[in-house]
Every structure is written in structure tokens, then in C-alpha cells.
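Analysis of the macromolecular model
Spelled out from the first residue to the last, the chains are:
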Amino acid sequence: HRHAPLDLAIHSLVNRAQRSHEMWAWNAKTAYPELWVREFRLLHLKDAGRVTRPDSTGMMMAEWLRSGHGLLMGAKHREPEAWCAFAYFVVYGQWAYYHSSAKQEPDVVHALIRNAMGALVSGGVRWLEMGWMTGVEAEKGRELFKTGFGGYDIPAKEALALCG
């Protein structure tokens, strides 16, 4: 396994974020998953400006971390210490799904995802689902973000045969 080549623009964002932020990872080996999910949800509330998911989702996220079916990545400034971004992934066997993120600084999420890719591959994950790529003009920025990691769109009807 190896990382896909990074698009030059994404590479620049990742490098800049990694120089100025500490990257953290929480998984089944981490104590107090509820605490870290709570930190994620507090930042998510600030980011979205409202609660977007019920408390039961947070409880499930903590349980997935505890059971080895979740990975939470966080970034904080080196000085002053403050959490500024989180990204959460659901893991099942060789598959992972980019579940959610929260950010005060959007470009830091690129570095979190890149670091998560390394952690996921080390844990045996082969496929990372980043969500739909619709082709709709309003979604072009999100699609550029996803393809910048070297990924590609797999039509649902082909996924089983390709990834089975």
C-alpha cells in the first residue's frame, strides 16, 4: 500500500498545515473516547453554528472508536494550543468512510485527511470512501478537494466487482 500522489495545490496546503499544527489520532487504543468525541462535537457546533446531529450519533462515534471501527483525527495550533479541526472516519475491515469534519480553519482538514490515510493504511484499510462526486457546478470545489488526493470516482454499479 502507498499513498496516491498529491495534487500540487493540496500538497502545499498539507505541508503548510503540518508545519504550524500538531496532528493527533484517536482509535481503539485511546483512553476516554467520549472526551475526544465531545471535543469534536463542540468544534462542530461552532463550525456549523447549530447542532446537526443528535447526541446518539456522538455516543455511536465514541463506541466505534472504542471497538476499533472509528478513527478521529484532530489538529491544534502549536502556539497557542487550541483545537482547530477534526475529521472522523468509520472503519470496517479494508474499508473506511469519511464520516464528518469540523473546522475553524478549512485548509487544515486536508492535512488531517492525509494523516488519516497513513493511519488507515497502517491499520489494514485499502479503500477510503470520501462521498459522492456529483458533477454539479456547486460541488466542483469539493470534487477538486477529493481528486486532489489522487482518488477517482467509482460508479456504485462497479464498486463490488472492483473492490470486492
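The shown structure was predicted, so the numbers you read here are calculated from the model rather than taken from an experiment.

This brings us to the overall build of the protein chain. The helix and strand inventory of the protein chain stands at 6 helices and 5 strands. For the protein chain, the proportion of its 164 residues judged to be buried stands at 34%. Counted over contacts in the protein chain with a minimum sequence separation of 6, partners at least 24 positions apart contribute 64%. Carbon together with sulfur atoms contributes 56% to the accessible area of the protein chain, which is approximately 9,800 Å² in total.

Here the structure, examined in full by the defined rule, presents 4 salt bridges. Among the salt bridges present, the one from Glu63 reaches Arg66, with a minimum N-O distance of 2.6 Å. Of this pair, Glu63 and Arg66 are both found in helix 3 (residues 55–67), 3 residues apart, which corresponds to roughly one turn of the helix. Residue class for Arg66 comes out partly exposed when judged on its relative accessible area of 39%.

Here we take up the nonpolar core. Counting 23 residues, the largest nonpolar core has Phe89, Tyr98, Ile113 and Leu120 as its most contacted members. Of all elements in the fold, only helix 1 (8–20), strand 2 (70–77), strand 3 (83–92), strand 4 (95–103) and helix 4 (108–122) reach the threshold of two or more residues within this core. Element by element, the count of residues in this core is highest for helix 4, at 8 residues.

This paragraph deals with helix 2 (residues 33–48). In this model, helix 2 (16 residues) spans 22 Å end to end at C-alpha, consistent with the 22 Å of a helix rising 1.5 Å per residue. Those residues of helix 2 not exposed but buried are Pro33, Trp36, Val37, Phe40, Leu43 and His44. End-on view of helix 2: buried residues confined to an arc of 125°, all on one side of the axis. Against the buried residues of helix 2 lie strand 1 (21–26), helix 3, strand 2, strand 3 and strand 4. Just past helix 2, the residue Gly49 takes up positive phi, approximately 80°.

Turning our attention to the environment of Phe86. One can find Phe86 in strand 3. Considered as a pair, Phe86 and Leu72 are 14 residues apart in the sequence and their alpha carbons are 7.0 Å apart. Apart from residues lying up to four places away in sequence, Phe86 is in contact with Trp26, Glu39, Phe40, Leu43, Leu72, Met73, Gly74, Ser100, Ser101, Ala102 and Leu112.

With their axes 9 Å apart at the nearest point, helix 2 and helix 3 run at an angle of 135° to one another. The angle between helix 2 and helix 3 falls in the class oblique. The crossing of helix 2 and helix 3 is right-handed. Counted together, Pro33, Glu34, Val37, Phe40 and Arg41 of helix 2 and Asp55, Gly58, Met61, Ala62, Leu65 and Arg66 of helix 3 form the full contact between these two elements. For the contact of helix 2 with helix 3, a count of residues per class yields 6 nonpolar, 1 polar and 4 charged.

As a further point, take helix 3. The first and last C-alpha atoms of helix 3 sit 19 Å apart over 13 residues, in line with the 18 Å expected at 1.5 Å per residue. If you check which residues of helix 3 are buried, you get Thr57, Gly58, Met61, Ala62 and Leu65. Buried positions in helix 3, seen along its axis, are confined to an arc of 140° and lie on one side of it. Contact partners of the buried residues in helix 3: strand 1, helix 2, strand 2, strand 3 and strand 4.

Parameters at a glance
- Residues numbered from 1 in each chain as written.
- Predicted model: local features only at pLDDT ≥ 70, side-chain atom pairs only at ≥ 80, totals over all residues.
- Heavy atoms only, no water.
- Helix = DSSP H or I, 4+ residues; strand = E, 2+ residues; numbered from the N terminus.
- Buried < 20%, exposed > 50% of the residue type's maximum accessible area, 1.4 Å probe, protein only.
- Contact = heavy atoms within 4.5 Å.
- Areas by Shrake-Rupley, 256 points an atom, 1.4 Å probe, with all protein chains shown as cover.
- Salt bridge = Lys/Arg side-chain N within 4 Å of Asp/Glu carboxyl O.
- Core = buried A, V, L, I, M, F, W, Y, C linked by side-chain atoms within 4.5 Å.
- Expected span 1.5 Å × (residues − 1).
- Arc of directions from axis to C-beta.
- Axes fitted to C-alpha atoms, helices over the stretch in contact; angles between N-to-C directions.
- Parallel < 35°, antiparallel > 145°, perpendicular 65-115°, else oblique.
- Left-handed = near helix turned anticlockwise from the far one by under 90°.
- Nonpolar A, V, L, I, M, F, W, Y, C, P; charged D, E, K, R; others polar.

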